[in-house]
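Inside the fold
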Amino acid sequence: MIQLGDLAFGAASIGNLYRAVPDDRAREVVARAWDAGIRYFDTAPHYGFGLSEKRLGAALAELDPGQSAILSTKVGRRLDPRPDADLSAVRQAFVSPEPYESVFDYSYDAVMRSYEGSLARLRRDRVDILYAHDVGSFAHGASHPRLFREFLDGGYRAMRELRDSGAVGAIGLGVNETAVCIEMLREGEIDLIMLAGRYTLLEQGPLDDLLPLCAERGVRLVIAGPYNSGILAKGVRHGGAIPNFNYEPAPPPIVERVGAIEDICARHGVPLAAAALQFPLAHPQVASVVPGMGSVRQVEDALALMAQPIPAALWSELKEAQLIRRDAPTPR
């Protein structure tokens, strides 16, 4: 069983998510995470159209010549050349100097080619974890049944072969929804799920179905997006613009709920972001949490938030106020 560590490094930001980040700053961020003892790094070809993998691979080649770091990357999006791309503009959420765009492709051949391309960019001869990227209705709407069948018949078969051969250590899904995770667990066998945003201080729906099923099947979860796109990191009591929730402006009921949680945290002298970051790890199926780390400051902040003492009374008060579920495990 791979030991990931409570805090992982998500490398989307060093792929120039929404804004350009210089090469030297990207390396500094990875180096600070490494120096702090973080050993699990997650990336994907989609992040900057290969830029994130290239930068992560270059940094770890210096920092980790023995290749002890745990790396995960993703398949399901091929990189198609775009020689006419405006490299200064935001494309598919990234500002990247790489002249490509990512296109969903869950076929057997595409997954195998994607894996080989990732190895070259990461400068590794294997990766520890391979996730299928963004299968499900959240990404594909009405096209999901067709694409999921393509994945099961092609890409998933390729992932199984890679794991069975030892080319990767574990396989799973990297998604933003629970429904496809449950569907996948009924159709096949996986080791891990990277779930973005669905098991957080604001959302505990997976306690009803996905988490019990994962416990039954021995599947662990890596929780990405623990701040629900920002609102649980910044809160709503600062007087500025309301942060996003699930990649969109937060609706009034969410703003009200976050404000109530934030008030209880304040009474106990605990930053809202600390409670948000630590909460998912209390569930026994959760192996790691992956906050965004796009700067050295964000790495430092994540380390401090993970070390923040949180009194049991805070969790009790949140449950009494029905702001988190009574059956949700909470940190001790």
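Let me begin by describing the structure that accompanies this report. Because the structure is predicted, anything quoted here is derived from the model rather than measured. (Residues numbered from 1 in each chain as written. Predicted model: local features only at pLDDT ≥ 70, side-chain atom pairs only at ≥ 80, totals over all residues. Heavy atoms only, no water.)

Focus on the pairing of strand β3 (residues 70-75)
As a reminder, the rule being used: Throughout, exposure labels follow a simple rule: accessible area from a 1.4 Å probe, protein chains only, divided by the maximum for the residue type, with under 20% read as buried, over 50% as exposed, and the rest as partly exposed. Counting from the N terminus, the helices are DSSP H or I runs at least four residues long and the strands are E runs at least two residues long. Any two strands with at least two DSSP-identified bridges between them are counted as paired. Viewed with both strands pointing away, a crossover whose connecting path from the first strand over the helix to the second turns clockwise is right-handed.
Of all six residues making up β3, six are buried, and the element is well covered by its neighbours. Of the two faces of β3, both are covered, the one formed by Ile-70, Ser-72 and Lys-74 as well as the one formed by Leu-71, Thr-73 and Val-75. Looking at chain direction, strand β2 (residues 40-42) and β3 are connected through three bridges and run parallel. Bridged to Tyr-40 within β3 is Ile-70. Regarding the hand of the β-α-β motif, the stretch spanning β2, helix α2 (residues 51-63) and β3 is right-handed.

Structural notes on the pattern of salt bridges
Rules: Salt bridges are identified by distance alone: a Lys or Arg side-chain nitrogen within 4 Å of an Asp or Glu carboxyl oxygen.
Going through the model one piece at a time under the given rule, you end up with 27 salt bridges. Of the charged contacts in the structure, one is a salt bridge between Glu-98 and Lys-54, with a shortest N-O distance of 3.1 Å. One end of the pair, Glu-98, is in the loop between β4 (77-81) and β5 (100-104); the other, Lys-54, is in helix α2, and 44 residues separate them in sequence. We classify Lys-54 as partly exposed; its relative accessible area is 39%. When salt bridges with common partners are traced through the structure, they connect Arg-160, Arg-163, Asp-164, Glu-189 and Asp-191 into a single cluster.

Considerations on helix α12 (residues 312-320)
For the record, the criterion: Taking the helix axis as origin, the arc is that swept by the directions to the C-beta atoms. Any two residues whose heavy atoms approach within 4.5 Å are treated as being in contact.
Listed in full, the buried residues belonging to α12 are Leu-314, Trp-315, Leu-318 and Lys-319. Buried positions in α12, seen along its axis, are confined to an arc of 135° and lie on one side of it. The outward face of α12, more than 90 degrees from its buried face, is lined by the exposed residues Ala-312 and Glu-320. Buried positions along α12 lie against α9 (252-267) and α10 (272-278). Count one or two residues on from α12 and you reach Gln-322, which has phi positive near 60°.

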